[in-house]
Amino acid sequence: MGVERFSLKISAQLRRVARMEPDFEDTEFPYWLKFKCTAEGCRLEHSKWIPLFVGSKVALQCNDCSRRGTLGLASGCFGVPYVGGESTLAVVECCGFEPIAYQFDMGWKIVGMKLVCR
């Protein structure tokens, strides 16, 4: 059971928005995710949202098969401003589990485009 890396990506169509960027210190901002067990024959989806912080690991145990694993965010792979298209927000490192959902919530700021009226 090795560590797997998953890219947390976003894609959106934004109007009159120059960029969307983190409005926080990276180590203080929680990325809220849900996970499922990767044990063959289990694959239980956990119902609780788990906060991940940069620079820390979270231990998790499956409620069904009792498999243990760890979750974390890769250093240096987070907080990139979104300017359109597809962009990676963070890279999640997992051992024994994989992410299935991200709760996009507070902590982001929108920078609008400057409009010129004539």
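Above this text is the structure in question.
Starting from 1, residues in each chain are numbered consecutively following that chain's sequence as written. Residue-level local features of this predicted model are given only where pLDDT is at least 70; pairs of side-chain atoms are given and counted only at 80 or more, and the full residue set underlies all totals for whole chains, interfaces and linings. Heavy atoms throughout the structure, all of them, feed into the side-chain values; hydrogens and water do not.

Engineer: Any chance you could break down the nonpolar core for me, citing the residues and the numbers?
Structural biologist: Membership of the largest hydrophobic core comes to 25 residues, with the highest contact counts inside it found for Y31, F35, L52, L71 and Y102. Those elements that place two or more of their residues in this core are β1 (4-11), β3 (31-37), β4 (50-52), β6 (68-78), β7 (86-95) and β8 (97-103). Take the buried Ala, Val, Leu, Ile, Met, Phe, Trp, Tyr and Cys residues and link them wherever side-chain atoms come within 4.5 Å; each set so joined is a nonpolar core. Only protein chains enter the accessibility calculation, which uses a 1.4 Å probe; a residue is then buried when its area is under 20% of its type maximum, exposed when over 50%, and partly exposed in between. Secondary structure elements follow DSSP: runs of H or I no shorter than four residues count as helices, runs of E no shorter than two count as strands, and numbering proceeds from the N terminus.

Engineer: Account for the environment of A59, naming residues and giving values.
Structural biologist: Mapping A59 onto the fold places it in strand β5 (residues 57-61). By relative accessible area, A59 is classed as exposed at 68%. A59 sits 11 residues away from T70 along the chain, and the two C-alpha atoms are 4.6 Å apart.

Engineer: Before we move on, can you summarise the sheet that holds β8 with the specific residues and values?
Structural biologist: Pairing is antiparallel across the open sheet formed by 3 strands, whose spatial order is β4-β3-β8. With partners counted over all chains shown, the strands left at the sheet margins are β4 and β8, one partner each. Shown here is a sheet whose adjacent strand axes are inclined to one another by a mean of 50°, direction ignored. The pairing criterion for strands is at least two bridges between them, as found by DSSP. Axes, fitted as lines to C-alpha atoms, cover a helix only where it is in contact. Angles between the N-to-C directions of the axes lie from 0 to 180 degrees.

Engineer: Residues and numbers for the pattern of salt bridges, please.
Structural biologist: Whenever Lys or Arg places a side-chain nitrogen within 4 Å of a carboxyl oxygen from Asp or Glu, that contact is recorded as a salt bridge. Per the counting criterion, the structure on display carries 5 salt bridges. Residue E86 is joined to K9 by a salt bridge in which the shortest nitrogen-to-oxygen separation is 3.7 Å. Of this pair, E86 sits in strand β7 while K9 sits in strand β1, placing them 77 residues apart in sequence. When the shortest N-O distance is used, the salt bridge between E98 and R43 registers 3.5 Å.

Scope: geometric values only; no functional claims are made or implied.
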